[in-house]
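Observations on chain architecture
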Amino acid sequence: MDDELLELQRQFESAQQAKSSIRLSERNVVELVQKLHELQIIDFDLLHTVSGKEYITPEQLRYEMVSEVEKLGRVSLIDLADSTGVDLYHVEKQAEYAVADNPGLMLIQGEIISQHYWDSVAEEINERLQECSQISLAELATQLHVGVELLTSILKPRLGTMVKGRLEGGQLYTPAYVARVSAMVRGAARGITVPTNLSALWSSLQHLLQEMDGASGIAVEGSFFQALFNGQVKEGQLLGSLRAGVYWTPTVFAGAQKECIDSFFSQNSFINYEMLNKLGISQPVQFLQSRYPDGLALVNAFAHPSLTEMVNAAVEDAIERGSWIDSLSVLPTSFGSQDASKILSHCQSLQSALKSQKAFIFGDSYVFSHTFVKDVYDRIEKEMESFNVSGSTGMGLSDDISSRNNDRVSHDSSTSVEANDSPSESSGKHAMEKGSRKKRGKASGNTKTVIVEGTSDNQDYVPAKSKKNQKKSKDTSSLHVSEVKSGARKDPRSQEESLNVPSEEWVVQQIMTLFPDWEEQGIDDPHTILRPLANHLRPMLINSLKEKRKALLTENADKMKRILDDLQRKVDEAFLNLQLYEKALELFDDDQSTSVVLHRHLLRTSAAYIADTLFINLDIYNKVKSGLEVENSQNSELVSLSPGERIDLAKTFRGSMSKKALAVAEVLEGKRIETFMVALRDFAEESGIVLKKLDKKLERTLLHSYRKPRC
């Protein structure tokens with residue numbers, strides 16, 4: 001076998017040394033290779049070199065590339081393309097295959113780098129680190145022309161083995177330097193006794209290191225201090241709690257803090273949230289609820305259940321005594337009204353009393369027993385009797401006028417006209433009953449109807465205007481009854497205004513008068529408690545007032561009817577006489593001096609009598625209608641008013657009725673009876689009183705009565 005191999009070697013050598021008689025050109029060789037490739041005799045890929053004179057297989061190219069990288073450790077693809085003479089496209093493609101097949105190689109930013117290269121780099125970095133104690137990765141990355149992230153990923157697996165150091169915050173530190181800084185962090189953290197922001201502590205350590213190392217000092221990032229601190233906390237070298245990563249509360253402070261809170265809470269049965277904020281507890285409610293589950297969280301403080309029991313006992317005692325209590329007087333001074341309200345809501349005896357209406361809460365902290373409130377109500381209700389009289393507009397005016405004028409009766413008979421005033425009333429009454437009873441009955445019936453229907457409930461007497469063609473009223477009493485019943489359908493607000501009800505200020509003043517010792521009981525501003533109490537009592541007082549006035553109004557219905565009937569009778573008689581006198585004055589038109597005297601005399605006698613009768617009787621009607629007790633004067637027909645009294649009484653009427661009443665009072669001081677007649681008709685029309693017109697039949701009857709001989 002060996003002899004045959006040797007023979008073949010000799011033949012191959014001789015064939016190589018023999019000179020060919022036929023030489024092929026480069027073009028023929030290229031065509032020959034292409035033909036062999038087409039015939040698939042050559043069944044593998046061939047790559048042209050850049051010069052075009054050589055062929056190379058991909059496997060050979062990949063082999064040469066790997067050999068170059070293993071020799072140099074880090075080679076650029078551009079350099080490999082130049083050294084192999086192959087186009088860059090093929091080099092890049094084969095580089096990907098080479099890196100995929102060999103885990104010791106990596107392709108980064110157009111370069112193939114081997115692990116041996118990184119090992120040598122790590123050894124160089126370690127040597128430099130031991131000299132400098134600290135190296136910045138950014139600086140190394142710039143020198144090596146690689147990214148910081150890549151350099152970090154390369155160094156991390158080699159830390160502790162090839163690189164004797166620690167990587168923190170983009171910096172490499174030696175173990176000795178790390179131990180030195182760790183000791184500084186541990187000492188500074190153990191010296192803290194109050195909650196501290198660690199960022200300020202790291203800044204202080206950075207300045208300290210720079211002062212210690214001088215100009216050659218190393219700038220240390222705060223994250224390095226924080227990492228060392230976190231490691232020591234995990235190992236138990238530092239005791240405390242870390243919040244939000246930078247707020248450190250040492251255990252010694254937390255223990256003192258809890259001891260202080262426990263001591264204050266056990267001694268006072270409460271603790272303010274403000275105190276916990278000063279102690280550094282940002283969420284005092286959650287802290288106290290977790291520490292004292294049985295406590296009660298208030299608005300400004302946290303209370304022990306014993307405090308609620310104390311308030312509950314004080315409130316229960318006040319209810320049993322029929323008194324009242326301010327719960328704030330039992331609670332600490334730092335408690336507010338909202339705190340007191342929440343504590344009262346947890347008092348069992350008070351809640352039971354509220355359900356049974358044995359107690360009331362006014363404001364946020366005042367507790368009143370039902371007995372005390374009822375006593376206040378009863379005493380104020382008695383004061384309401386005087387309130388009804390003192391609170392009415394113009395109340396008591398006509399009574400005073402009547403009392404002053406009971407003995408004031410006119411006895412002057414200087415003229416014949418004045419002497420006929422008094423007799424005309426009796427004679428005129430007899431004549432009208434005979435001559436026009438039927439007509440007067442219709443008119444007076446219509447008058448009463450208009451007056452009753454036109455008045456508003458519980459207001460002054462302001463009837464609707466009368467009309468000449470009104471329907472007859474057959475049952476005036478039923479209209480008065482319906483008037484009383486219609487009060488229930490009025491607007492509550494208008495009823496309250498017209499009832500002259502007590503105001504809130506009046507109720508408060510009455511309580512202050514009846515119970516003057518509020519300030520003596522330690523209440524700085526009594527209105528803070530009296531206003532809620534007054535608001536509670538006022539609706540009850542208003543309802544009581546309405547019921548009384550409603551009952552009185554029902555009783556006064558017949559009295560109102562009699563007043564209107566009597567007023568209409570008086571006005572009918574006096575006005576017919578006044579028209580007769582006015583007609584008689586026409587005989588003196590030629591004598592101006594006498595006419596003026598007679599006009600003035602008529603205004604001051606008969607005209608004044610009609611006006612005073614209307615004013616006084618309508619005022620009495622309004623008072624009776626408002627539910628007030630009025631005593632009619634027995635000599636009301638003889639009462640006369642002075643001009644000032646007449647004007648004051650006219651002002652007591654409301655709306656347009658007051659204006660027209662003032663006009664009547666003013667024309668009485670005039671010179672002509674005609675102006676009075678016009679003003680009187682306007683006022684009578686506004687008030688609903690019918691003024692009878694003097695016809696010929698009534699005139700003859702009156703004249704006949706005047707001609708009768710007097711006994």
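What counts and what doesn't
Residues numbered from 1 in each chain as written. Predicted model: local features only at pLDDT ≥ 70, side-chain atom pairs only at ≥ 80, totals over all residues. Heavy atoms only, no water. Patch = residues over 30% accessible without salt bridge, like charges linked within 9 Å, V, L, I, M, F, W, Y side chains within 5 Å. Areas by Shrake-Rupley, 256 points an atom, 1.4 Å probe, with all protein chains shown as cover. Salt bridge = Lys/Arg side-chain N within 4 Å of Asp/Glu carboxyl O. Lys, Arg positive; Asp, Glu negative; His and termini not counted. Charge placed at Lys NZ, Arg CZ, Asp CG, Glu CD. Helix = DSSP H or I, 4+ residues; strand = E, 2+ residues; numbered from the N terminus. Buried < 20%, exposed > 50% of the residue type's maximum accessible area, 1.4 Å probe, protein only. Arc of directions from axis to C-beta. Pairing = 2+ DSSP bridges. Core = buried A, V, L, I, M, F, W, Y, C linked by side-chain atoms within 4.5 Å. Phe/Tyr/Trp six-rings, centres within 6.5 Å; stacked < 30°, edge-to-face > 60°. Polar contact = N/O pair within 3.5 Å; in protein donor to acceptor, adjacent residues only side chain to side chain. Contact = heavy atoms within 4.5 Å.

So, on to a negative patch on the surface. A surface patch of like charges, here negative, comprises Glu123, Glu124, Glu127 and Glu131. Position of Glu127 relative to the elements: it lies in helix α6 (residues 115–132). Classification of Glu127 as exposed rests on a relative accessible area of 53%.

A few words on helix α4 (residues 77–84). Restricting attention to buried positions, one finds in α4 the residues Leu77, Leu80, Ala81 and Thr84. Taken down its axis, α4 places every buried residue within 100° of arc, on the same side. Those residues of α4 that are exposed and angled more than 90 degrees off the buried face are Ile78 and Asp82. Just beyond α4, the residue with positive phi is Gly85, at close to 70°.

Moving on to the pattern of salt bridges. With the rule as written, the count across this model stands at 17 salt bridges. With a closest N to O distance of 2.7 Å, Glu139 and Arg128 form a salt bridge. Within this pair, whereas Glu139 is found in helix α7 (residues 137–144), its partner Arg128 is found in helix α6, the two being separated by eleven residues in sequence. We classify Glu139 as partly exposed; its relative accessible area is 37%. In this structure Arg128 comes out as partly exposed when scored by relative accessible area, which is 26%. Note that Glu505 is salt-bridged to Arg531, the shortest N-O span being 2.6 Å.

This part is about the sheet that holds strand β10 (residues 240–243). Spatially, three strands are ordered β9-β11-β10 in an open sheet, and the strand pairing comes out antiparallel. Each edge of the sheet is formed by a strand with only one pairing partner; in this case those strands are β9 (196–197) and β10. Across four bridges, the pairing between β10 and strand β11 (residues 247–250) is antiparallel. Among the inter-strand pairings, Ser241 is bridged to a residue of β11, identified as Thr249.

It is characteristic of soluble globular proteins that their nonpolar side chains tend to be buried jointly. In terms of nonpolar packing, the biggest core is built from 43 residues, with Leu578, Ile610, Leu614, Phe615, Ile673, Phe676 and Phe683 touching the most fellow members. Among the elements that line this core, the one with the most residues is helix α28 (residues 592–625), at 14 residues. Listed in part, the 24 residues of the second largest apolar core include Phe372, Val373, Met384 and Leu537.

This model, assessed by the stated rule, comprises 17 aromatic pairs. When the ring of Phe653 is compared with that of Phe683, the centres are 6.3 Å apart and the planes differ by 55°; the resulting orientation is tilted. Highlighted residues: Phe653 in the loop between α29 (643–651) and α30 (656–667) and Phe683 in helix α31 (residues 673–687), separated in sequence by 30 residues. Phe683 shares its class with Phe653; the two are buried. What links up through ring pairs into an aromatic cluster is the set Trp324, Phe360, Phe362, Phe368 and Phe372.

Along the chain, Ser349 turns up in helix α17 (residues 348–355). Side-chain polar atoms of Ser349 contact the side chain of Asn312, separated by 2.3 Å. Apart from residues lying up to four places away in sequence, Ser349 is in contact with Asn312 and Glu316.

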